[in-house]
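# Descriptive structure summary
Residue-level listing of the chains:
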Amino acid sequence: MTLPKFLSRNRLQVRIVGLFLGLLLVVQVASLLLIGNSIAINARASVDAELHTAERVFARLLEQNAGNLTSAARLLAADFGFREAVASNDEATLASALINHGERIGASVVLITDAQFALKAATRDGAQRFVPALRRLAKAPESTSSMVLLDGEPYQLVAVPVKAPLTIGWVAMGFRIEETLLREMRQLSSIEVAVMSRRGEPLRWNLLQSTLGGEAAAPLLDAWLRARDAEGARGGALAERNLLLELTDVGAMNGHSLAREMALVTEGEHQTVAVLIRSLDEATAPYRRLQWTLLAFTLVAIGVFAIGAVFTARRITTPLRALTRSAGRLGQGDYEQVLEIESKDEIGELARAFEAMRQAVQARDGEVRRLAYEDALTKLPNREKFRILLRQAIAHARAEVEPCAIIMLDLDRLKHVNDVLGHRFGDRLLRRVARRLTQEAERSNDVVARLGGDEFAMLLTGADIDVAQGVAHRIQQAFEVPITLDNHTVDLGAGIGVACCPDHGIDADALMSHAEVAMYAAKRNQSGVVVYTAALDSSSEESLSLLSELRTAVDGGQLRLFLQPKIALATGAVVGAEALVRWEHPQRGLLPPMRFIPFAERTGFIRMLTGWMIERCAHVLQQLHAAGKPLKLSVNLSTRDLLDQELSVKLQRLIEVEHIDPATLCLEITESAIMDDPPRALQTLERLHQMGFKLAIDDFGTGYSSLAYLKRLPVDELKIDQSFVLNMERDLDDAKIVRSTVDLAHNLGLSVVAEGVETAKAWKLLQALGCDEAQGYFVAKPMPEALFANWVSEWRAPQLQSVRLDSGFSRLAI
């Protein structure tokens, strides 16, 4: 059986309480035993003394009784008439005198003999048996009384001569030892008395009289005989020692008693004794009550002592447990918890010394951690600290099923600055770069770190690849502003790489490696910002594997169509959705586009993916229209699609086969795709426009398109990049860019779609700025095509009457 922890014998508190209570119990038990033993000894000595006294009292009582009998006998013997009757041998007169005199004094027997001890008269029959005892008394002039045993009964007998003037006869009076005498003895001394006689053939003891009553005769006799036998076995003299009786069935005398024998008559082997009995239990009863009182007091004292011991032990062990817990926290690296023990004794001194040690260890640990995880020059986290934070962010992202991203950048021309202006200037320049990057980290949980040399990194928690790209472009724009230091203007550039979890990896080292690959690709190609793709990493086994498996994905039915709804801001109605592709890989699970779209673009396989997407959208449009939902779907076109001269022919064939209205299909192209070959892209767009397809420019504002080209493009709508939409709630400049884009599009006759709408305030602000449509997580995340129709039926526009815009944004919307 396992004891609770607080009762464990190994605990100091239990040992202290146990020691204190053990010592107290030993002392109290020893005291109680000593007192009990003393009580027993004193009680026995007291009873012994009482029995000795009772023996003398009983002897005195017998002497007094004999004196009374002797006086009465002398009075009778001195009576003149009685002497004449004796002399004349007047038996009638003698008998009458004997009877009257005997009754007056209560004698058991009265008799008269002549000088030769011949019986003349007596008060009872059988008086002849007293004559031999009378003769013995007459021959012993020094004694006038004697105890005699007749028929087993003890009698006290006195004899007085009748003289006239010579002895002419003897008067004898006998007094039977009866219960009346015994009761008188008990009244005088509180001692119980029993008369025992040994007689008969064979000889055996019998109880003749007792103050305990007839019912107690047999038990009393048995207990007395057992005590005699036990004492005889020990070789003791019965007349000199008190016997210890164990009485039962004798009423109030049950228990232990002491008995003392007093010989009354001994005639050969016949013997009569008086047994004086005093109860030991009765004698010790007052002391036993005192013992119980002492025991009760002891128990109360133990309880009080136990409470005091527990309190004292806790006063000692509670601070020690606090010290133990604090030591455990220190062992685990937690130095923040202050140890507070208010005590002025040795434990308080120990606690204060321990607290001083904690503070010293905390200070040293803080210094060590600062040196281990902080860049000494910029005071930013170093590479190791950044790796730890990235691991934590990845773990959080996987637990919350949300993305996170890192941006890695390498400064251009820093070596040249160090060579020309010196390393001290270069160090100050790095600190200025660190401050500029920190300013770009708008969210409090974004982390900027210096990885070493001229490399920096930024961790964006909860940000997907689109958000990370937007931040990277802002950093790139920030570096376009020269840095002035000590009258020197330095124009720095940077190659920026972006990697996102889980798209590009779920391991911190792999994600940093991929971001670094993208960063060096950006520096190598002078392309500013590059998002990692497996195609950039020629050594990636995953890229080679996915590249070969992508060819069978379409025919194997592994691609899945996802739809993200678009909402008309003016009415709150669903007007369409953007079509997105996912790859349900048989081993790797559901893969996002960034895991395979870059391969498809590099290999030209993107054209097959685009064809599959448009064909799948046509099928969904048929189902929606049949269900009474006349919506439009948007499909992204890549650069290779836009430069494909056969694109219009393929789409025309699809329209004829699927019987769809081209106006229900919106084709989205990016600014960068147009600017790769503007004339050729313009021709393709013109043909698509003439076929009736709706055209849209995706991610507007992040490319470098010319407004002259925008004016010439046959497009129907602009999609504002989500990097502006996400930040416009907090950044008035981004809000102004959004309003300018809306105004520009409307002035050109184009509708405007805002992507990345994630809050009610963003919805409200876009609505106030006149934006036409919105899509984003505030509306819905991308969903499988099978769920889209039901979602449309259940959609209800949000009620935003309670949403209020800040004054600056409100004025912007006027």
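Relevant structure appears above.
Overview of the structure. These figures come from a predicted structure and were not determined experimentally.

### A closer look at the nonpolar core
Judged by nonpolar contacts, the single largest core of 85 residues is most densely connected at Leu609, Leu665, Leu667, Leu688, Leu766 and Trp791. Counting residues per element, this core draws most heavily on helix 16 (residues 606–626), which supplies ten residues. Every residue in contact with Leu665, bar those within four places of it in the chain, is listed here: Ile614, Cys617, Leu621, Leu633, Val635, Phe693 and Lys694. If you look at the next biggest cluster of nonpolar residues, it comprises 38 residues, including Leu409, Leu460, Leu492 and Val529.

### Things to note about the pattern of salt bridges
Applying the stated rule across the entire model yields 22 salt bridges. Across the pair Lys632 and Glu717 runs a salt bridge, and its minimum N-O distance is 3.7 Å. Of this pair, Lys632 sits in strand 21 (residues 632–636) while Glu717 sits in strand 24 (residues 717–720), and the two are 85 residues apart along the sequence. Across the salt bridge formed by Lys719 and Glu755, the nearest N and O atoms sit 3.7 Å from each other. A residue pair is termed long-range when its members are at least 10 positions apart, and Lys719 in strand 24 and Glu755 in strand 25 (residues 751–755) qualify at 36 residues. In this structure, a network of salt bridges that share partners links the residues Lys566, Glu578, Lys632, Glu668, Glu717, Lys719, Glu755 and Glu773.

### A word on helix 12 (residues 465–479)
Between the first and last C-alpha of helix 12 there are 21 Å, a value that for 15 residues agrees with the 21 Å anticipated at 1.5 Å per step. Counting buried residues in helix 12 gives eleven out of 15 residues, a clear majority hidden from the surface. Among all positions of helix 12, only Ile465, Val467, Ala468, Gly470, Val471, Ala472, Arg474, Ile475, Gln476, Ala478 and Phe479 are buried. For helix 12, the secondary structure elements touched by its buried residues are strand 11 (404–411), helix 11 (423–440), strand 13 (455–461), strand 16 (494–501), strand 17 (529–531) and helix 22 (722–727). Sitting at the head of helix 12, Asp464 places a side-chain oxygen 3.2 Å from the backbone nitrogen of Asp466.

### Points about the sheet that holds strand 13
The strand order across the open sheet formed by five strands is 12-13-11-16-17, and the pairing between neighbours is mixed. Sheet topology places strand 12 (447–452) and strand 17 at the edges, where each strand pairs with a single neighbour. For this sheet, the mean inter-axis angle between neighbouring strands, taken without regard to orientation, is 20°. By the bridge criterion, eight bridges tie strand 11 to strand 16 in an arrangement that is antiparallel. Bridge assignment links Ala405 to a residue of strand 16, and that residue is Cys500.

### Notes on the side chain of Glu261
Among the structural elements, Glu261 can be located in strand 9 (residues 255–267). Residue class for Glu261 comes out buried when judged on its relative accessible area of 10%. Of the polar contacts made by the side chain of Glu261, one reaches the side chain of Trp224; its length is 3.3 Å.

Each value, and the rule that gives it
- Residues numbered from 1 in each chain as written.
- Predicted model: local features only at pLDDT ≥ 70, side-chain atom pairs only at ≥ 80, totals over all residues.
- Heavy atoms only, no water.
- Core = buried A, V, L, I, M, F, W, Y, C linked by side-chain atoms within 4.5 Å.
- Buried < 20%, exposed > 50% of the residue type's maximum accessible area, 1.4 Å probe, protein only.
- Helix = DSSP H or I, 4+ residues; strand = E, 2+ residues; numbered from the N terminus.
- Contact = heavy atoms within 4.5 Å.
- Salt bridge = Lys/Arg side-chain N within 4 Å of Asp/Glu carboxyl O.
- Expected span 1.5 Å × (residues − 1).
- Polar contact = N/O pair within 3.5 Å; in protein donor to acceptor, adjacent residues only side chain to side chain.
- Pairing = 2+ DSSP bridges.
- Axes fitted to C-alpha atoms, helices over the stretch in contact; angles between N-to-C directions.

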